[in-house]
Amino acid sequence: RKEVEQDPGPFNVPEGATVAFNCTYSNSASQSFFWYRQDCRKEPKLLMSVYSSGNEDGRFTAQLNRASQYISLLIRDSKLSDSATYLCVVNTWNAGKSTFGDGTTLTVKP
Amino acid sequence: GAGVSQSPSNKVTEKGKDVELRCDPISGHTALYWYRQSLGQGLEFLIYFQGNSAPDKSGLPSDRFSAERTGGSVSTLTIQRTQQEDSAVYLCASSLYAPSNTGELFFGEGSRLTVL
């Protein structure tokens, strides 16, 4: 079983739709959580951190459920420019590395 | 620029040759990471450095792979006797600390390796 698992998609949605991505992690000692965005043939970039209380950044909302070891990302009012691969990332402090999920691909269509 | 710099951006080599990939992290970042990404796949962890030491080499696929970091700055990933399955994009990232409290890794644009 992979340490971080994501639904690979692809998700194909119309502009304006709401879409949610899920991610599960296996290491209960994991301490911090993030969503990265990767555009085609580009490097990953941080989208947002995920806090226990849930956090929102404009149209993006991230949630963490430690009991279920589950992270989610909700995108409201999708834009064409949201088309990308979204990577779930988990840090375990004593491992010293960030573990990436394989990513979920989103395509927003006109 | 102030970002992570990688070279070469593209490398085509013949099977059996050795290659060196270079990463120049953001100035002042103590942690440096190497990942690789095959086409359509996720990021595979290879190795990370804290300063010049590598506490975690667990991701290196075989003894043909090695990496070093000197002066707490530039890192070189060396692949000896390349094989076709080594073809991938090799991504370097740096962060201020490891494990990073903010978790943000700053990636370079990657070195695309093609082994013929």
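Here the structure is a predicted model, which means the values were calculated and not measured. (Residues numbered from 1 in each chain as written. Chains lettered and ligands numbered in written order. Predicted model: local features only at pLDDT ≥ 70, side-chain atom pairs only at ≥ 80, totals over all residues. Heavy atoms only, no water.)

Colleague: Break down the overall build of chain B for me, with residues and values.
Modeller: Looking only at helices and strands, chain B has zero helices and eleven strands in total. Starting at the N terminus and walking to the C terminus, you meet the elements of chain B as β-β-β-β-β-β-β-β-β-β-β. What you see for chain B is a C-alpha radius of gyration of 13 Å, in line with the 13 Å of a compact globule of 116 residues. Expressed as lengths along the three principal axes of its C-alpha atoms, the size of chain B is roughly 40 × 25 × 25 Å. By the burial criterion, 47% of the 116 residues in chain B qualify as buried. Considering only contacts within chain B whose residues lie at least 6 apart along the sequence, 55% involve residues at least 24 apart. When the accessible surface of chain B is summed, it comes to about 5600 Å², and 44% of that surface belongs to carbon and sulfur atoms. (Helix = DSSP H or I, 4+ residues; strand = E, 2+ residues; numbered from the N terminus. Rg over C-alpha atoms; globule rule 2.2 N^0.38 Å. Buried < 20%, exposed > 50% of the residue type's maximum accessible area, 1.4 Å probe, protein only. Contact = heavy atoms within 4.5 Å. Areas by Shrake-Rupley, 256 points an atom, 1.4 Å probe, with all protein chains shown as cover.)

Colleague: Give a description of the overall build of chain A that names residues and reports values.
Modeller: In terms of helices and strands, chain A carries zero helices and eleven strands. For 110 residues, the compact-globule formula gives about 13 Å, and the C-alpha radius of gyration of chain A, at 13 Å, lands near that figure. Seen through its C-alpha atoms, chain A measures out along the principal axes to roughly 45 × 30 × 20 Å. Evaluated residue by residue, chain A yields a buried proportion of 47% over its 110 residues. Residue pairs in contact within chain A that sit at least 24 positions apart in sequence constitute 57% of those at least 6 positions apart. Accessible area for chain A stands at about 5400 Å²; split by element, carbon and sulfur atoms hold 48% of it. Where the 12 positive side-chain charges of chain A centre and where its 11 negative ones centre are 3 Å apart. (Lys, Arg positive; Asp, Glu negative; His and termini not counted. Charge placed at Lys NZ, Arg CZ, Asp CG, Glu CD.)

Colleague: Tell me about the state of the cysteines, and name the residues and values.
Modeller: Residue and element names in this part refer to chain A. Going through the model one piece at a time under the given rule, you end up with two disulfides over all chains. Note that C23 is cross-linked by a disulfide to C88, the S-S spacing being 2.0 Å. Across the S-S bond linking C23 and C88, the dihedral sits near -75°, which makes this disulfide left-handed. Of this pair, C23 sits in strand β3 (residues 19-25) while C88 sits in strand β9 (residues 84-92); the two residues are 65 residues apart in sequence, bridging distant segments of the chain. Of the two residues, C23 and C88, both sit in the buried class. (Disulfide = S-S within 2.5 Å.)

Colleague: Which residues make up the environment of N65(A), and what are the values?
Modeller: All names here are of chain A. Tracing the sequence through the fold places N65 in strand β7 (residues 60-65). Judged by relative accessible area, which is 32%, N65 ranks as partly exposed. Remark: the alpha-carbon pair of N65 and T24, spanning 41 residues in sequence, is separated by 9.5 Å.

Colleague: Requested: an account of the packing of aromatic side chains, with residues and values cited.
Modeller: What characterises a pair of aromatic rings is the spacing of the ring centres plus the angle enclosed by the ring planes. Residue and element names in this part refer to chain A. This structure, assessed with the given rule, holds eleven aromatic pairs over all chains. Each ring, one from F11 and one from F21, has its centre 5.2 Å from the other, and the planes form 75°; the classification is edge-to-face. Placement of F11 in strand β2 (residues 11-14) and of F21 in strand β3 is noted, with a sequence separation of ten residues between them. With centroids separated by 4.8 Å and ring planes inclined at 40°, the aromatic side chains of Y25 and F33 adopt a geometry described as tilted. (Phe/Tyr/Trp six-rings, centres within 6.5 Å; stacked < 30°, edge-to-face > 60°.)

Colleague: An account of the nonpolar core is needed here, citing residue identities and associated values.
Modeller: If you look at the biggest cluster of nonpolar residues, it comprises 23 residues, and the most contacted ones within it are F21(A), W35(A), I71(A), L73(A), I75(A), Y86(A) and L106(A). Look past the residues within four positions of I71(A) in its chain and what remains in contact with it is F21(A), N22(A), C23(A), Y25(A), F33(A), W35(A), V50(A), Q63(A), L64(A), C88(A) and V90(A). (Core = buried A, V, L, I, M, F, W, Y, C linked by side-chain atoms within 4.5 Å.)

Just distances and angles here, no functional claims.
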